[in-house]
Every structure is written in C-alpha cells, then in structure tokens.
Number of protein chains: 2
Amino acid sequence: MFDKVEAAYNRIKEIVNKTPVMTSSTLNERLNCSCYFKCENFQKIGAFKFRGALNALSMLTPTEKKKGVITHSSGNHAQALALAAKFVGVKAVIVMPENAPKVKVAATKGYGAEIVVCGSKPGDREDAVIPLIKKHCYTLIHPSDDLHIIQGAGTAAYELIDEVGDLDFVFAPIGGGGLVSGTAIATKGLLPHAKVIAVEPENADDAYKSFKSGKIHLSINPITIADGLRTQLGPNTFKVVREKVEEIILVSEQEILNAMQFLWERMKLVVEPSGAVSLAGVLSKQIDIENKVVGIIISGGNIDLTSFFDILRQKIQ
Amino acid sequence: MFDKVEAAYNRIKEIVNKTPVMTSSTLNERLNCSCYFKCENFQKIGAFKFRGALNALSMLTPTEKKKGVITHSSGNHAQALALAAKFVGVKAVIVMPENAPKVKVAATKGYGAEIVVCGSKPGDREDAVIPLIKKHCYTLIHPSDDLHIIQGAGTAAYELIDEVGDLDFVFAPIGGGGLVSGTAIATKGLLPHAKVIAVEPENADDAYKSFKSGKIHLSINPITIADGLRTQLGPNTFKVVREKVEEIILVSEQEILNAMQFLWERMKLVVEPSGAVSLAGVLSKQIDIENKVVGIIISGGNIDLTSFFDILRQKIQ
C-alpha cells in the first residue's frame, strides 16, 4: 500500500498546498518532548480532505471522467470533492441534507458543484444518491472508505516525515478512518518503528469499540463537538486500522476544547474541534511521549465564526 | 541604517522564530496580484515586538545589563521585553497601568519580569518610570521610538524579502511607527524600487496627519479596535517614515474587521485587529496593486479569546 501513497503524492503534489509544519516551545517544555504539527487547516478548502478527493478524481478512467462523480456529505468532503472536480474538469454532484449549514452549501456551490438537497433522516442521503447513480452512471466517491481517498489522505503524513525526518509517534484523529489509515500506511512505510495513535472523542467511541471487539460498531448520531468525527469505520479503513494502528485512545469534550484553545491562543491557529482531537490525545498523557519525537496531524480549520465576528462588529458601532 | 538591520538579524536569528510566509490563492485571484503574508503572529510572544526587544537588549553594555531595563506598556512590548530579558539574562521592570488586562499582566510576570502597577491617567506611566530609573539606573527601552527596536523590527521584512525575492509593495501597520520604520529600512535597502505603504486606522489618524503636515501630531486616546496602533510617532520613527515610506493610507474599523475575518476564516490565522490593518489597506484598493507582487506584514495575534471559548464550553455542558 505504501507505494500507492507515494504515487498519490507525485500525482497531486503540484496542486495541493504543501502545508507548514509548526512547533510550540511552550508545549515541548511542558511535555518534555518534541512535537511537530502538520497543519492541514492550511490545506485547500481548509482541510486534509482535498488530498484524497484530488487523488480519487485523478484515478478516474476517461469514461468515468465524462460521466462525473457523486457523493453525500455536509462537511469538508463536499467542498473537497467540489474543488477537486474543478481542477480535474469533472462534473461533481453533492447530495447535502436540508439542514446542512448554509455557508457550507454556498461554498460547495461556489466551486461549481451541483447540489442535490435531501432529507436529514438516516438513510435519506443514500436514498437520494442511488437513483442518481443509476440514471447518470456517476462514480460514487465515498468520504473515507475508498482506497484512493485513503492513499491521498496519507500524503499529509508523507510530507510531514519528509520534512521532519524520524518520528517516534504520529497522532491523528479517527472518525471514518480515512485520515488515520492513510497516515498509518505512510508512517509505517517510511518509519516502520514509529507508532500511530488514533484519537477519538469518547462521545463517539465506535472506532474504539470496533478496535477492541474486532467488528465494526455503528455510529448512531453521537453528540460531540468534533463534527467531522461522527462517522464510522468502513471495511477498508477498519482493515488498515487493525493492521497498522498501535492504539485508539479516547478524549472528552472538555479535553478537545482545551486542546483547541491552546492551538488558537498559543499557536495562533484556527483549528476546528475535530482538528484539535489529536493534540487532545497527546495532552491526555495516556501515551508516554517523554523525550520522544511526536507528529500531530491537525486535520482542518473549518469552523463557523459568524457569531464571533458579529460580537466584534457590535463593539465598533 | 540598512546594514544595522542586517547586523540585528545576525544577532537575533538564532532565537527569534523564522515565521512562515503564507499565501491565499482566493485573495490573489480576487485582486489579480501576488500577496505574501509575513506572519508575525507566529513570532515568540505572538507578535513582531520580540524582534526589537531582543535586539535592544543584545546591544546593552555589560554595565547596563547588570543594572537592568525598564519600560511602560500594557501591550505586546511588555511581554516581548520580559521574554527577551529572560533570554539575555537581564532584569526587566515593566510599568503597567492598573487597568491592564489580567491575562497580559500574568503573561509578563510569567516570563520573570517585575511588574510595577501605576495609575491609568495620562502621565501616570511616566511618573512611575522616572523615579525608578533615577533610583536603580535602569535603561529605558521605548516600545517603538528606539533605533535598536526599529532595526530589530525590520528583520521581519528582511526575512520576508530573503524568502520571497522581489516585491513591488510592502504594506505594514503604523502606530508608534517602529514596525513600519524597520520595514522601510529593510525594504529600501534590499529593493530600492519597492514602495512601502503604511496603513493606519482612520479613528487614530495621527501618523497620517503628521505625514501630511510635516510635524508630529499627538494621539490622544483614539477609539479603535486596533489597540496596538493607538500610540503616536516619535522623533526617530517620524524621520524614517518621512524619508522612506511612500504613503500612509487610512482604513475604517469595518475594513479592519473585514480583513481580520478573511484572515481567520479563509487563511485560518488568529490575527489581532492591529495585525489585520495592513491587509485592510490592501483590500481598500487605495493603491493600485494589480499584477504586482505585494508583501503584507501581519504584526501579531494576541487577542483575548476567553469569551469565545466560554460560549463553546456552554455548548458541551
């Protein structure tokens, strides 16, 4: 699998942002280790998702390209696929629930994708997608459980290791598992001794339970501020996680917010809650990282700041 | 003067952060130009002020080092001097008004500085500083109108040009004038044809008036959200600004907030209002930058996020 991450990297490197690696001397002193943050909040569309989407679309056959692609998402994958489709010159149809944030619908439409609105009940999205595929022969691009999506996601860790060199640990958030699977393939390919730790909100602990029990647990409307991690593992990501991830650890909502506050206040990074989960795992000290070199994947920075700026605007009236 | 910026850079480069240069394809497409942001919000203590403070302290004589330094500031200069003093091994006394934000007092104290609290009326700070200098022979380090502070501040533009190469314009905020003076010396030294544009809040337009009239206008409690730019020019900064700055342009409070929102939402950068003023100047289109290469100095990212995170914490209860 590793050579496919490397191939993905060579395929997409001219278009994706080479995101910066950041450090914090405050954090390193506090934890007595060396942390390197791979800041995918600076990726195009504000999240790592663009890497996988672009890789998946680059792998389409000419016939598939002609027909176009489809997905269902109310989150970062929708925007990632829409923008990647624009780069590749492919039609993208995005099925979004009627209660999706207007700003995300507008952004997705802004990249030129066709939006199809569906209901917000479980199963509504699939019910909307299937007849469209039948009618138009679109290729479905799953948000996480797709090998090309996983390989594209892995290019973030690939770049991180290429820049930093040796690492003892890499921490990444786990939801659908695409990011951590790609991260694990890239990390184990380059640094076989390094350990990959997946971090999950304890309020959405389906991956943790799946990892412990050996069979995929469902994720049914979990309540967590980390909205990007509410999804569940698929057969492909579960297989990689079982083989290559050292451990899945859980963090509380409070720990996620504390990590997010550190990233904003001390490191000046706008990071969404899901993006702060990996640091929350590091700070939880469940893994002994003293004197170790630690990679931390910051997955994205898309958070609605409207009310924050509304308050600031009231001050200048 | 330019060789002194270069010397300052060589003196401080091992300790200051080499801050990243960021770009936004959205912005470049919208304005039809190439913008490069020098992100001093990622500097130690969260602002460019650390560069000047470290340079000034590095230039002290052994006797001055033994006696210690003093300044009055409720802002970034206080923290910058406190941390720089820790690196250089010098005692720092910071006079802060009684109404200074507690978080800033705590941070300054945390770096090991001695805090002296004074009144918050005009003149109170000076009244507190002068007897302390008399008694202890401290060296006063002015926040902006000091040649070593100016030369240290100039190292940000020096690094920017070193990384990016040729530029047609450099935009920087103007308050006390230390940053824009250093920026102008560095820019004109490396790229004599490049134009330096200073940007000021129209609610605190003393530098603009000084530039137009040829004599320093006072800044008396101006009401602007850009709290770092409420101070006025001094004899040293005014001289450099008149000689080397092409133009001073004004921006409204609304324009400052719009620029700040773009930096947060689209570029994922936590920037304080003063730090967004240079981009506000670019976006105001008072200067024709079409097809040009534009450097933009982002001065800092220290903003109180307590209430923002309080709101998020309420959501997870």
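Just so it is clear, the model here is predicted, and its values are computed rather than measured.

**Overview of the sheet that holds strand β5 (residues 114-118) of chain A**
All names here are of chain A.
For step 1, the next point in the chain: Read from one edge to the other, the open sheet built from 4 strands follows the order β5-β4-β3-β6, with strand pairing classed as parallel. At either end of the open sheet lies a strand with only one pairing partner, and these are β5 and β6 (139-140).
For step 2, the next point in the chain: When strand β3 (residues 69-72) meets β6, the two strands line up parallel, connected through 2 bridges. The residue bridging Ile 70 from the neighbouring strand is Leu 140, located in β6.

**Some points on the environment of Glu 40 of chain B**
Residue and element names in this part refer to chain B.
For step 1, the next point in the chain: In this fold, Glu 40 is placed in the loop between β2 (34-39) and α3 (49-58).
For step 2, the next point in the chain: Remark: the alpha-carbon pair of Glu 40 and Val 199, spanning 159 residues in sequence, is separated by 17 Å.
For step 3, the next point in the chain: The residues contacting Glu 40, other than those within four sequence positions of it, are Thr 19, Gly 46, Ala 47, Phe 48, Arg 51, Ala 156, Ile 298, Ser 299 and Gly 300.

**Observations concerning the domain arrangement of chain A**
All names here are of chain A.
For step 1, the next point in the chain: If you check the domain split of chain A, you get domain 1 (2-46 + 147-298) and domain 2 (50-140).
For step 2, the next point in the chain: Distance between the C-alpha centres of domain 1 and domain 2: 25 Å.
For step 3, the next point in the chain: At the interface, 22 residues of domain 1 touch 17 residues of domain 2.
For step 4, the next point in the chain: Taking both partners together, domain 1 and domain 2 bury about 1600 Å²; carbon and sulfur atoms supply 65% of that area.
For step 5, the next point in the chain: Counting the contacts that link domain 1 with domain 2 gives 2 salt bridges.
For step 6, the next point in the chain: In this structure, the salt-bridge partner of Glu 40 is Arg 51, at a minimum N-O distance of 2.7 Å.
For step 7, the next point in the chain: There are 6 residue pairs in polar contact (both at pLDDT 80 or more) connecting domain 1 and domain 2.
For step 8, the next point in the chain: Contributions of two or more residues to the side of domain 1 that touches domain 2 are made by α1 (2-12), α8 (147-153) and α9 (155-164).
For step 9, the next point in the chain: For the side of domain 1 that touches domain 2, the leading source of residues is α8, giving 5 residues.
For step 10, the next point in the chain: Grouping the amino acids of the side of domain 1 that touches domain 2 by side-chain chemistry returns 8 nonpolar, 7 polar and 7 charged.

**Notes on the packing of aromatic side chains**
For step 1, the next point in the chain: A full pass over the atoms with the stated rule returns 16 aromatic pairs over all chains.
For step 2, the next point in the chain: Seen in terms of ring centroids, Trp 264 of chain A and Trp 264 of chain B are 5.9 Å apart; in terms of plane orientation they differ by 65°. Their pairing is edge-to-face. Residue Trp 264 of chain A is located in helix α13 (residues 253-265), and its partner Trp 264 of chain B is located in helix α13 (residues 253-265); the two belong to separate chains. Accessibility assignment for this pair places Trp 264 of chain A and Trp 264 of chain B in one class, buried.
For step 3, the next point in the chain: The interplanar angle of 85° and the centroid separation of 5.2 Å between the aromatic rings of Phe 308 of chain B and Phe 309 of chain B together place this pair among those described as edge-to-face. Comparing Phe 308 of chain B with Phe 309 of chain B, the two get one shared label, buried.
For step 4, the next point in the chain: Through a chain of ring-to-ring contacts, three or more aromatic side chains come together here, namely Trp 264, Phe 308 and Phe 309 of chain A together with Trp 264, Phe 308 and Phe 309 of chain B.

**As for the relation of the copies chain B and chain A**
For step 1, the next point in the chain: Between the two copies, chain B and chain A, the superposition gives an RMSD of 0.0 Å; the rotation angle is 180° and the shift along the axis is 0.0 Å. These values place the two chain copies in the arrangement generated by a two-fold rotation axis.
For step 2, the next point in the chain: Counting the interface residues of chain B, we find that 100% of their copies in chain A are interface residues as well, pointing to one common contact surface.

About the criteria used
- Residues numbered from 1 in each chain as written.
- Chains lettered and ligands numbered in written order.
- Predicted model: local features only at pLDDT ≥ 70, side-chain atom pairs only at ≥ 80, totals over all residues.
- Heavy atoms only, no water.
- Pairing = 2+ DSSP bridges.
- Helix = DSSP H or I, 4+ residues; strand = E, 2+ residues; numbered from the N terminus.
- Contact = heavy atoms within 4.5 Å.
- Domains from an automatic or database assignment.
- Buried area = accessible area lost by both parts, 1.4 Å probe.
- Salt bridge = Lys/Arg side-chain N within 4 Å of Asp/Glu carboxyl O.
- Polar contact = N/O pair within 3.5 Å; in protein donor to acceptor, adjacent residues only side chain to side chain.
- Nonpolar A, V, L, I, M, F, W, Y, C, P; charged D, E, K, R; others polar.
- Phe/Tyr/Trp six-rings, centres within 6.5 Å; stacked < 30°, edge-to-face > 60°.
- Buried < 20%, exposed > 50% of the residue type's maximum accessible area, 1.4 Å probe, protein only.
- Least-squares fit on C-alpha atoms with pLDDT ≥ 70 in both.

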